[in-house]
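Fold and contact review
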Amino acid sequence: MRLSVDPGSSVPPYEQVRAQLAAQVGDGRLPVGTRLPTVRQLAADLELAVNTVARAYRELEAAGLLETRGRHGTFVAPGRDDARDRLHRAAADYAAEAARLGVPPEAALDLVRAALDAGRRG
């Protein structure tokens, strides 16, 4: 598992970690059942605050990509929906690009809504 954080990026560090882990889970580089480093270990490795990595893990768990098994650790969750994984990756990429371009979140969401509406009509 290779992760890097660009401190000069406009994308928050937790989102950089979350997006990279989501991509690695989504494309199979982190297969189901893979044990991830502890929050403290990954934070130390990336020179980030523990809460930064914890937020990334929480968001990935909420998305169904990771599961925490108490003291046993955090693992790549089974039973993922491939279509949902691909959309999640696309959404993460879109969010990162919107942030890089300085597009406010509400404006970026408006663009997505318009694209979804056009897709329903087309």
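Refer to the structure printed above.
Criteria and thresholds
Residues numbered from 1 in each chain as written. Predicted model: local features only at pLDDT ≥ 70, side-chain atom pairs only at ≥ 80, totals over all residues. Heavy atoms only, no water. Helix = DSSP H or I, 4+ residues; strand = E, 2+ residues; numbered from the N terminus. Contact = heavy atoms within 4.5 Å. Areas by Shrake-Rupley, 256 points an atom, 1.4 Å probe, with all protein chains shown as cover. Lys, Arg positive; Asp, Glu negative; His and termini not counted. Charge placed at Lys NZ, Arg CZ, Asp CG, Glu CD. Core = buried A, V, L, I, M, F, W, Y, C linked by side-chain atoms within 4.5 Å. Buried < 20%, exposed > 50% of the residue type's maximum accessible area, 1.4 Å probe, protein only. Axes fitted to C-alpha atoms, helices over the stretch in contact; angles between N-to-C directions. Parallel < 35°, antiparallel > 145°, perpendicular 65-115°, else oblique. Left-handed = near helix turned anticlockwise from the far one by under 90°. Nonpolar A, V, L, I, M, F, W, Y, C, P; charged D, E, K, R; others polar.

A count of helices and strands for the protein chain gives 5 helices and 3 strands. The order of helices and strands in the protein chain, counted from the N terminus, is α-β-α-α-β-β-α-α. Principal axes of the C-alpha set define a box for the protein chain whose edges measure 50 × 35 × 20 Å. For the protein chain, restricting intrachain contacts to residue pairs at least 6 apart in sequence, the fraction spanning at least 24 positions comes to 50%. For the protein chain, the accessible surface area stands at approximately 7,800 Å², while carbon and sulfur atoms represent 54% of it. Between the centroid of the 17 positive side chains of the protein chain and the centroid of its 16 negative side chains there is a distance of 4 Å.

Residues V17, L21, L42 and Y57 are the most contacted members of the largest nonpolar core, which totals 18 residues. For this core, the secondary-structure elements that each account for two or more residues are α1 (13–26), α2 (39–46) and α3 (50–62). Once residues lying within four places of it in the same chain are set aside, the contact partners of L42 are M1, L3, V17, P37, V53 and Y57.

Time to look at the packing of α2 against α3. Their axes nearest at 8 Å, the elements α2 and α3 cross at an angle of 120 degrees. If you check the angle between α2 and α3, you find them oblique. Here α2 and α3 pass one another in a crossing that is right-handed. Residues V39, R40, L42 and A43 of α2 form the contact with α3, whose own contacting residues are V50, V53, A54 and Y57. For the contact of α2 with α3, the class distribution of residues is 7 nonpolar, no polar and 1 charged.

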